[in-house]
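Here are the chains, one letter per residue:
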Amino acid sequence: MAQTSKSNVSELNSDVAQQMAVLREDIAALTATVTEYGKAQGEALKASAGAKAAGLAETGANAAGALKAQAEKSYSDAEEAVRGNPAAAVGIAAGVGFLVGMLTARR
């Protein structure tokens, strides 16, 4: 009976050792899978962020171009108004200069 008990214990120990080895292999495989998944998700997020950044840069460039065109048009309109009415333009400039002088002299 003592012999049978020792045999059962040694079989049980070998079974436990085999199961532990299988568990270690499974944990290693799971770790590798999670690592690969994380890398893939990171690359996907990086690509998505790059695409959004490029889209925003293009939108910003378009907006800057539109503002530049509007500023050039406003400058052209102001230049035409000054050329059309030079006396009024000089009077307005003198008045604005006088007001600025008055405001800065009070300080």
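Residues numbered from 1 in each chain as written. Predicted model: local features only at pLDDT ≥ 70, side-chain atom pairs only at ≥ 80, totals over all residues. Heavy atoms only, no water.

Peer 1: How do you make sense of the overall build of the protein chain when you look at a structure like this?
Peer 2: Assigned secondary structure in the protein chain consists of 2 helices and 0 strands. Expected size for 107 residues packed as a compact globule is a radius of gyration near 13 Å; at 40 Å, the protein chain overshoots this value by more than 25%. When burial is assessed residue by residue, the protein chain has 0% of its 107 residues classed as buried. Accessible surface for the protein chain amounts to roughly 9,300 Å². Of this, 65% is attributable to carbon and sulfur atoms. One way to put it: in the protein chain the 10 positive side-chain charges average out to a point 14 Å from where the 11 negative ones average out. (Helix = DSSP H or I, 4+ residues; strand = E, 2+ residues; numbered from the N terminus. Rg over C-alpha atoms; globule rule 2.2 N^0.38 Å. Buried < 20%, exposed > 50% of the residue type's maximum accessible area, 1.4 Å probe, protein only. Areas by Shrake-Rupley, 256 points an atom, 1.4 Å probe, with all protein chains shown as cover. Lys, Arg positive; Asp, Glu negative; His and termini not counted. Charge placed at Lys NZ, Arg CZ, Asp CG, Glu CD.)

Peer 1: Would you mind showing me how to read a nonpolar patch on the surface here?
Peer 2: Where nonpolar side chains cluster on the molecular surface, the patch consists of Leu12, Val16, Met20 and Leu23 and spans about 350 Å² of accessible area. Within the element layout of this structure, Val16 appears in helix H1 (residues 2–84). Residue Val16 is classed as partly exposed on the basis of its relative accessible area, which comes to 41%. (Patch = residues over 30% accessible without salt bridge, like charges linked within 9 Å, V, L, I, M, F, W, Y side chains within 5 Å. Salt bridge = Lys/Arg side-chain N within 4 Å of Asp/Glu carboxyl O.)

Peer 1: What am I meant to see in the pattern of salt bridges here?
Peer 2: One side chain can pair with another of opposite charge once the charged atoms of both are near each other. According to the stated counting rule, one finds 2 salt bridges in the structure shown. Close ionic contact of Lys73 with Asp77 constitutes a salt bridge, the shortest N to O distance being 3.0 Å. Separated by 4 residues within a single helix, Lys73 and Asp77 lie in helix H1, roughly one turn from each other. We note a salt bridge from Arg83 to Glu79, for which the minimum N-O separation is 2.9 Å. You can see Arg83 and its partner Glu79 sitting in helix H1, 4 residues apart, about one turn around the helix.

Peer 1: Can you walk me through the environment of Gly55 in this structure?
Peer 2: Looking at where Gly55 falls in the secondary structure, it is placed in helix H1. Among the residues examined, Gly55 registers a relative accessible area of 31% and is labelled partly exposed. The spacing of Gly55 and Val96 is 41 residues in sequence and 43 Å in space, taken between C-alpha atoms.

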